[in-house]
Amino acid sequence: MSELAGYYGRWEDAAPPPSGDLKIKVSREQVLQAYSIFMNEGQNLRIELQQLQDKLRVPPCGGDPVSEDSANLMTWRFVDAPDSYYNRYSGLADSFMETAEQLRASAKEYGFTDEDIAGALKGYKRVD
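Right, let's walk through the structure included here.

**Considerations on the pattern of salt bridges**
Part 1 of the reasoning: Taken as a whole and assessed by the stated rule, the structure comprises five salt bridges.
Part 2 of the reasoning: Across the salt bridge formed by Arg57 and Asp80, the nearest N and O atoms sit 3.1 Å from each other. Placement of the pair is Arg57 in the loop between helix H1 (28–52) and helix H2 (65–80) and Asp80 in helix H2, with a sequence separation of 23 residues.
Part 3 of the reasoning: We classify Arg57 as partly exposed; its relative accessible area is 34%.
Part 4 of the reasoning: The closest approach of N and O atoms between Arg77 and Asp83, which form a salt bridge, is 3.4 Å.

Here it is as C-alpha cells:
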C-alpha cells in the first residue's frame, strides 16, 4: 500500500464527504486550474487503485486453517469489505471526479469553451 501513501494524510479522513456536503467557491481565474487538479487526481487515483487491487489480496502464508482465515480477513479489510481501504479510496476518487464535473459546469457558466476546458487538462503537472 505504499503506492497510496501520497494520498493518505492529505485529508483528515480518508473517506470522502457525503455527496453535496463539500462547498467551494472558485473564481473565474481559478476554475480551470481547480478543474484540472480534481480531474487529474481522480483519474490518477483510479489508475493506481486498479493497479493495486490484486496486490491488496493477501495469500495464505501457509497451508493451515489459521493462515487461510487470516489471509481472508486481511483481504476482506483491504479490498472486499464495504468500508475497505480500497473502497474508501475508490470513493475518494469518485468524489474528486464529481467535484471536477461541478467545476466543469462552473467553467462553462464563466464562458469557457469545451476547448478551453480540455486545454486545462493538458497543462496539468502534479506537485508532490
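Here the narrative resumes, following the displayed structure.
**Brief notes about the packing of aromatic side chains**
Part 1 of the reasoning: Under the definition given, this model contains two aromatic pairs.
Part 2 of the reasoning: Look at Phe38 and Phe96: their rings are 5.8 Å apart centre to centre, the planes differ by 75 degrees, and that puts the pair in the edge-to-face class. Of this pair, Phe38 sits in helix H1 while Phe96 sits in helix H3 (residues 85–109), and the two are 58 residues apart along the sequence.
Part 3 of the reasoning: Judged by relative accessible area, Phe38 falls into the partly exposed class, the value being 23%.
Part 4 of the reasoning: Judged by centre distance (6.0 Å) and plane angle (40 degrees), the ring pair of Phe78 and Tyr85 falls under tilted.

**What about the nonpolar core?**
Part 1 of the reasoning: Val31, Leu32, Tyr35, Leu103, Ala107, Phe112 and Ile117 are the most contacted members of the largest nonpolar core, which has 13 residues in total.
Part 2 of the reasoning: Of all elements in the fold, only H1, H3 and helix H4 (114–122) reach the threshold of two or more residues within this core.
Part 3 of the reasoning: For this core, the element with the highest residue contribution is H1, accounting for five residues.
Part 4 of the reasoning: In this structure, Val79, Tyr89, Leu92 and Ala93 belong to the second largest nonpolar core, which totals nine residues.

**Here we look at H3**
Within an α-helix, residues lying three or four positions from one another point in the same direction, as the helix has 3.6 residues per turn.
Part 1 of the reasoning: Taking 1.5 Å of rise per residue, the 25 residues of H3 would be expected to cover 36 Å, and the 36 Å separating its terminal C-alpha atoms lies within 8% of that figure.
Part 2 of the reasoning: Here H3 has its buried residues at Tyr86, Tyr89, Gly91, Leu92, Ala93, Ser95, Phe96, Met97, Thr99, Ala100, Leu103 and Ala107.
Part 3 of the reasoning: The elements touched by buried residues of H3 are H1, H2 and H4.
Part 4 of the reasoning: Where H3 ends, the next residue or the one after it, Gly111, has phi of about 100 degrees, a positive value.

**Observations concerning the environment of Asp80**
Part 1 of the reasoning: Assessed through its relative accessible area of 38%, Asp80 is described here as partly exposed.
Part 2 of the reasoning: Taking the C-alpha atoms as reference points, Asp80 and Leu56, separated by 24 residues in sequence, lie 9.9 Å from one another.
Part 3 of the reasoning: Among residues more than four places away in sequence, those in contact with Asp80 are Arg57, Thr75 and Asn87.
Part 4 of the reasoning: Looking at Asp80, its side chain comes within polar contact range of the side chain of Arg57, at 3.1 Å.

**Digging into the side chain of Thr75**
Part 1 of the reasoning: Considering the arrangement of structural elements, one finds Thr75 in helix H2.
Part 2 of the reasoning: Its relative accessible area of 10% is what places Thr75 among the buried residues.
Part 3 of the reasoning: Apart from residues no more than four positions distant in its own chain, Thr75 is found in contact with Leu56, Arg57, Val58 and Asp80.

**Concerning the packing of H2 against H3**
Part 1 of the reasoning: Their axes nearest at 4 Å, the elements H2 and H3 cross at an angle of 5 degrees. With respect to each other, H2 and H3 are oriented roughly parallel. On H3, the residues that touch Arg77, Phe78, Val79 and Asp80 of H2 are Tyr85, Tyr86 and Asn87.

Quick notes on the rules
Residues numbered from 1 in each chain as written. Predicted model: local features only at pLDDT ≥ 70, side-chain atom pairs only at ≥ 80, totals over all residues. Heavy atoms only, no water. Salt bridge = Lys/Arg side-chain N within 4 Å of Asp/Glu carboxyl O. Helix = DSSP H or I, 4+ residues; strand = E, 2+ residues; numbered from the N terminus. Buried < 20%, exposed > 50% of the residue type's maximum accessible area, 1.4 Å probe, protein only. Phe/Tyr/Trp six-rings, centres within 6.5 Å; stacked < 30°, edge-to-face > 60°. Core = buried A, V, L, I, M, F, W, Y, C linked by side-chain atoms within 4.5 Å. Expected span 1.5 Å × (residues − 1). Contact = heavy atoms within 4.5 Å. Polar contact = N/O pair within 3.5 Å; in protein donor to acceptor, adjacent residues only side chain to side chain. Axes fitted to C-alpha atoms, helices over the stretch in contact; angles between N-to-C directions. Parallel < 35°, antiparallel > 145°, perpendicular 65-115°, else oblique.

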